[in-house]
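# Descriptive structure summary
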Amino acid sequence: MTHDSTREHVLLFDMFGVIAHHQSEEGKARLAATAGGPAEALWSAYWSQRQPYDRGDIDGSTYWKRVAEILGTSFGPKRTAELIDADLASWSAVDGEMVALIEELAAAGRRIALLSNIPEELATHYERRHAWLKHFEVCAFSCRIGHAKPEPGAYRWAYDALGTAPERILFIDDREENIEAARTAGLEGRLFTTAADLKRALRVS
């Protein structure tokens, strides 16, 4: 893709693994300690139920009830609240360099949007703490659009909301499966590696 054509594209960003960090080891350890039991079993149950949680089909209490059932245990209200808090904390770190890039792109008048797999509790957590979310023309949070990547509906929702032909959108994500799904939906795609690499690709100083 040439520099000029790239500049004409709406930039559609993933959040976790691009603008925000994936779970830290410290955060994961806190979550596992809060849940109790073998960590390997926890993470298997955790991820097996994540898609419906991200998609907004269930809330945090129901999510952790399902996780507990898979683990053959139960979590009371207090433990469930602690698990939700620990989960939010584990996903809370952002990449300052990427936030600066988002602000620079917005200041330059670039059209930017967000497509993120995120449950409602975490979406609310970010909205309360991060003013840079206001720079995005569209925030397509999976919990509010009823679709989670790599489901085709997530990409359709985003380009319909933007009122832009899919081929005029450059989707930036750190997961190859999400990039491939975006391309199947007609979007351009770029696999994210580092902020510096992305800045070079977008010709941002």
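Calculation criteria
- Residues numbered from 1 in each chain as written.
- Predicted model: local features only at pLDDT ≥ 70, side-chain atom pairs only at ≥ 80, totals over all residues.
- Heavy atoms only, no water.
- Helix = DSSP H or I, 4+ residues; strand = E, 2+ residues; numbered from the N terminus.
- Rg over C-alpha atoms; globule rule 2.2 N^0.38 Å.
- Buried < 20%, exposed > 50% of the residue type's maximum accessible area, 1.4 Å probe, protein only.
- Contact = heavy atoms within 4.5 Å.
- Areas by Shrake-Rupley, 256 points an atom, 1.4 Å probe, with all protein chains shown as cover.
- Lys, Arg positive; Asp, Glu negative; His and termini not counted.
- Charge placed at Lys NZ, Arg CZ, Asp CG, Glu CD.
- Arc of directions from axis to C-beta.
- Core = buried A, V, L, I, M, F, W, Y, C linked by side-chain atoms within 4.5 Å.
- Pairing = 2+ DSSP bridges.
- Axes fitted to C-alpha atoms, helices over the stretch in contact; angles between N-to-C directions.
- Right-handed = clockwise from strand over helix to strand, strands pointing away.

Attention now goes to the overall build of the protein chain. Tallying secondary structure elements over the protein chain gives twelve helices and five strands in all. The C-alpha atoms of the protein chain give 18 Å as radius of gyration, which agrees with the globular expectation for 205 residues (17 Å, within 12%). For the protein chain, the spread of C-alpha atoms along the principal axes amounts to about 55 × 30 × 25 Å. When burial is assessed residue by residue, the protein chain has 49% of its 205 residues classed as buried. Residue pairs at least 24 apart in sequence account for 67% of intrachain contacts in the protein chain once pairs closer than 6 positions are excluded. Put simply, the protein chain shows about 9,500 Å² of open surface, and 49% of that area lies on carbon and sulfur atoms. The positive charge centre, built from 24 side chains, and the negative charge centre, built from 31, are 2 Å apart in the protein chain.

Turning to helix H8 (residues 120-129), a few remarks are in order. Taken together, the buried positions of H8 are Leu122, Ala123, His125 and Tyr126. Each buried residue of H8 sits inside an arc of 160° when the element is viewed along its axis, so together they form one side. In this fold, the buried residues of H8 make contact with helix H6 (77-90), strand E3 (139-141) and helix H9 (142-145).

Moving on to the nonpolar core. In terms of nonpolar packing, the biggest core is built from 49 residues, with Phe13, Met15, Ile19, Trp64, Met98 and Phe136 touching the most fellow members. Ranked by residues supplied to this core, first place goes to helix H7 (residues 96-107) with five residues. Setting aside residues up to four positions removed in sequence, Phe136 forms contacts with Phe13, Ile19, Ile102, Ile112, Ala113 and Leu114. By size, the runner-up hydrophobic cluster in this structure holds 18 residues, among which are Leu12, Ala113, Ala154 and Ile169.

Within a sheet, adjacent strands bond to each other through the backbone by hydrogen bonds, running parallel or antiparallel. Reading across the sheet, the five strands line up as E3-E2-E1-E4-E5 and stay open at both edges, with parallel pairing between neighbours. Single-partner strands in this sheet number two, and they are E3 and strand E5 (188-191). Within the sheet, the average angular offset between the axes of one strand and its neighbour, ignoring direction, is 20°. With four bridges connecting them, strand E1 (residues 10-13) and strand E4 (residues 169-173) associate as parallel partners. Among the inter-strand pairings, Leu12 is bridged to a residue of E4, identified as Phe171. Where H7 meets the sheet, it contacts E1 and strand E2 (112-116), and its direction lies at approximately 155° from that of E1.

Here His130 shows up in the loop between H8 and E3. Judged by relative accessible area, which is 16%, His130 ranks as buried. Apart from residues no more than four positions distant in its own chain, His130 is found in contact with Ser92 and Val94.

In this section: unusual backbone geometry. Omega for the peptide link from Lys149 to Pro150 comes to 5°, which places this bond in the cis form. If you trace the backbone, Pro150 turns up in the loop between H9 and helix H10 (152-162).

If a strand is regular, its side chains alternate between the two faces of the sheet. For E2, the buried fraction is high: five of the five residues fall into the buried class. Here E2 shows two buried faces, one formed by Ile112, Leu114 and Ser116 and the other by Ala113 and Leu115. Where E1 lies against E2, three bridges are found, and the strand directions are parallel. Residue Phe13 lies in a different strand from E2, and its bridge partner there is Leu114. As paired elements, E2 and E3 share three bridges and run parallel to each other. In the sheet register, Leu115 faces E3, and the bridge partner there is Ala140. Viewed along the sheet, the connection from E2 through H8 into E3 turns out right-handed.

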